[in-house]
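# Analysis of the macromolecular model
What follows is each chain in one-letter form.
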Amino acid sequence: MAILKKDYDVTTINLVGHSMGAITVLRYLLKPTAVPVKAVVLLAAPVNDPSIGSDTATVFWSELTQRGPRKKTANYNYLAKRVAHFPTSISILNVAGELLGTSRHDGSVAVDSSFALRSLLRGRIDRYQEMLVRGAGGAHSMLHENRLVDQAISDFLWQD
């Protein structure tokens, strides 16, 4: 990022992350950056999952309440302890998927796990938006192949 700023005069960036990449983006935001982040798009972010990066036969699910998830995982607690370090002048679009006939998950990540970020960032950042994609296009690996999601990302990042 420092090279982008120095050599190419980049003054702001947007970040997009899917699954574990979304967690990488969130953790990146917790540290001072050479180039300010303007907007972030997260796809199927396992914010409140017990194991990051590995799929299991059963999708972890913890009910999301107004105060946050009932059961809080180590990853959620890590973000919660550092939430004051999130940049406040940032916009986030948080996209989750839900396969029909499931208990609200995309095959890998529960909707309530992704949307647990809401309870961490409520009132702390400029703009927070959620999008739920239902059906076959809401499958974990299909979220970044879905034309409706692509359009939503484009609208979110490049709106004037």
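The structure contained in this document is the topic of the report that follows. (Residues numbered from 1 in each chain as written. Predicted model: local features only at pLDDT ≥ 70, side-chain atom pairs only at ≥ 80, totals over all residues. Heavy atoms only, no water.)

### A closer look at the sheet that holds strand β5 (residues 91–98)
Taking strand neighbours across the sheet as the criterion, the 4 strands line up as β1-β2-β5-β6 in an open arrangement whose pairing is parallel. With one partner strand each, in any of the chains shown, β1 (13–18) and β6 (127–134) form the two edges of the open sheet. The sheet shows a mean angle of 10° between the axes of neighbouring strands, taken without regard to direction. Sheet topology note: the β1/strand β2 (residues 37–43) ladder contains 6 bridges and is parallel. Its bridge partner being in β2, I13 is matched across the sheet by V37. This element, helix α2 (residues 20–29), spans β1 and β2 of the sheet and lies at about 140° to β1. The sheet contacts of helix α6 (residues 147–158) involve β1, β2, β5 and β6, and relative to β2 the element is tilted by about 165°. (Pairing = 2+ DSSP bridges. Helix = DSSP H or I, 4+ residues; strand = E, 2+ residues; numbered from the N terminus. Axes fitted to C-alpha atoms, helices over the stretch in contact; angles between N-to-C directions. Contact = heavy atoms within 4.5 Å.)

### A few points about the side chain of N75
Looking at the element boundaries, N75 is found in helix α3 (residues 74–82). A polar side-chain atom of N75 sits 3.4 Å from the main-chain carbonyl oxygen of P46. (Polar contact = N/O pair within 3.5 Å; in protein donor to acceptor, adjacent residues only side chain to side chain.)

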